[in-house]
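The residues making up each chain are set out below.
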Amino acid sequence: MNEPFRMNVQDVFHFQDGTTVFAGEVTEGPGNIVGGVYEISVDGEQIGSVQINGERSRGRLPSIRSVDTTQKLSFDSDWLKGREVVFAILERV
């Protein structure tokens, strides 16, 4: 089951197939992030929602984790770099 998580987003990657990856340190949340629909907020302000496919990679860089989405985003994902982002559950999977 998916759980909310908090990530200090260090980088955002965009791939030609439409995939966007958020990478950073997860400061609060589950040991494994599963897919689901999450509401994204920064400093208590809602930015939008995103369909996370699940966790991509763990362990290549210590403390850096990443999640991805293939949906077209309605917000500037690069704006999240360097910010603490809260991913709250909109839809449990």
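Since this is a predicted model, take the numbers as computed values, not measurements. (Residues numbered from 1 in each chain as written. Predicted model: local features only at pLDDT ≥ 70, side-chain atom pairs only at ≥ 80, totals over all residues. Heavy atoms only, no water.)

Visitor: Could you give an account of the pattern of salt bridges, naming the residues involved and the relevant values?
Guide: Pairs can form between side chains of opposite charge once their charged atoms are near each other. Evaluation of the coordinates by the stated rule reveals 6 salt bridges. Residues R65 and E55 are paired through a salt bridge, measuring 2.7 Å at the closest nitrogen-oxygen approach. Of this pair, R65 sits in strand β5 (residues 65-69) while E55 sits in strand β4 (residues 45-58), and the two are 10 residues apart along the sequence. Judged by relative accessible area, which is 12%, R65 ranks as buried. On the basis of relative accessibility, which here comes to 16%, the residue E55 falls in the buried class. Between K81 and D78 there is a salt bridge, with the nearest N and O atoms lying 3.9 Å from each other. Judged by relative accessible area, which is 38%, K81 ranks as partly exposed. Taking the relative accessible area as the measure of exposure, D78 reaches 35% and is therefore partly exposed. Three or more residues are tied together by salt bridges with common partners; here these are R6, E28 and E84. (Salt bridge = Lys/Arg side-chain N within 4 Å of Asp/Glu carboxyl O. Helix = DSSP H or I, 4+ residues; strand = E, 2+ residues; numbered from the N terminus. Buried < 20%, exposed > 50% of the residue type's maximum accessible area, 1.4 Å probe, protein only.)

Visitor: Break down the environment of G36 for me, citing the residues and quoting the values.
Guide: Mapped onto the elements, G36 comes out in strand β3 (residues 34-42). Expressed as a C-alpha distance, the spacing of G36 and V21, which sit 15 residues apart in the sequence, is 15 Å.

Visitor: Lay out unusual backbone geometry with the relevant residues and their values.
Guide: Of note in the backbone geometry, D43 takes a positive phi value of approximately 50° without being a glycine. Looking at where D43 falls in the secondary structure, it is placed in the loop between β3 and β4.

Visitor: Summarise the confidence of the model for the protein chain; cite the residues concerned and give the values.
Guide: Per-chain confidence: the protein chain averages 92 in pLDDT, with 96% of residues scoring 70 or above. Element-level pLDDT for the protein chain is lowest in β4, with a mean of 89, against a maximum mean of 96 in strand β1 (residues 5-14). (pLDDT = per-residue confidence, 0-100.)

Visitor: Give me the nonpolar core: which residues, what numbers.
Guide: Burial of nonpolar side chains together is a common tendency in soluble globular proteins. Ranked by size, the top nonpolar core spans 18 residues in total, and within it F5 and F87 carry the most contacts. Looking at this core, the elements with two or more residues in it are β1, β2 (20-28), β3, β4 and β6 (84-91). Of all the elements, β1 adds the most residues to this core, at 4 residues. (Core = buried A, V, L, I, M, F, W, Y, C linked by side-chain atoms within 4.5 Å.)

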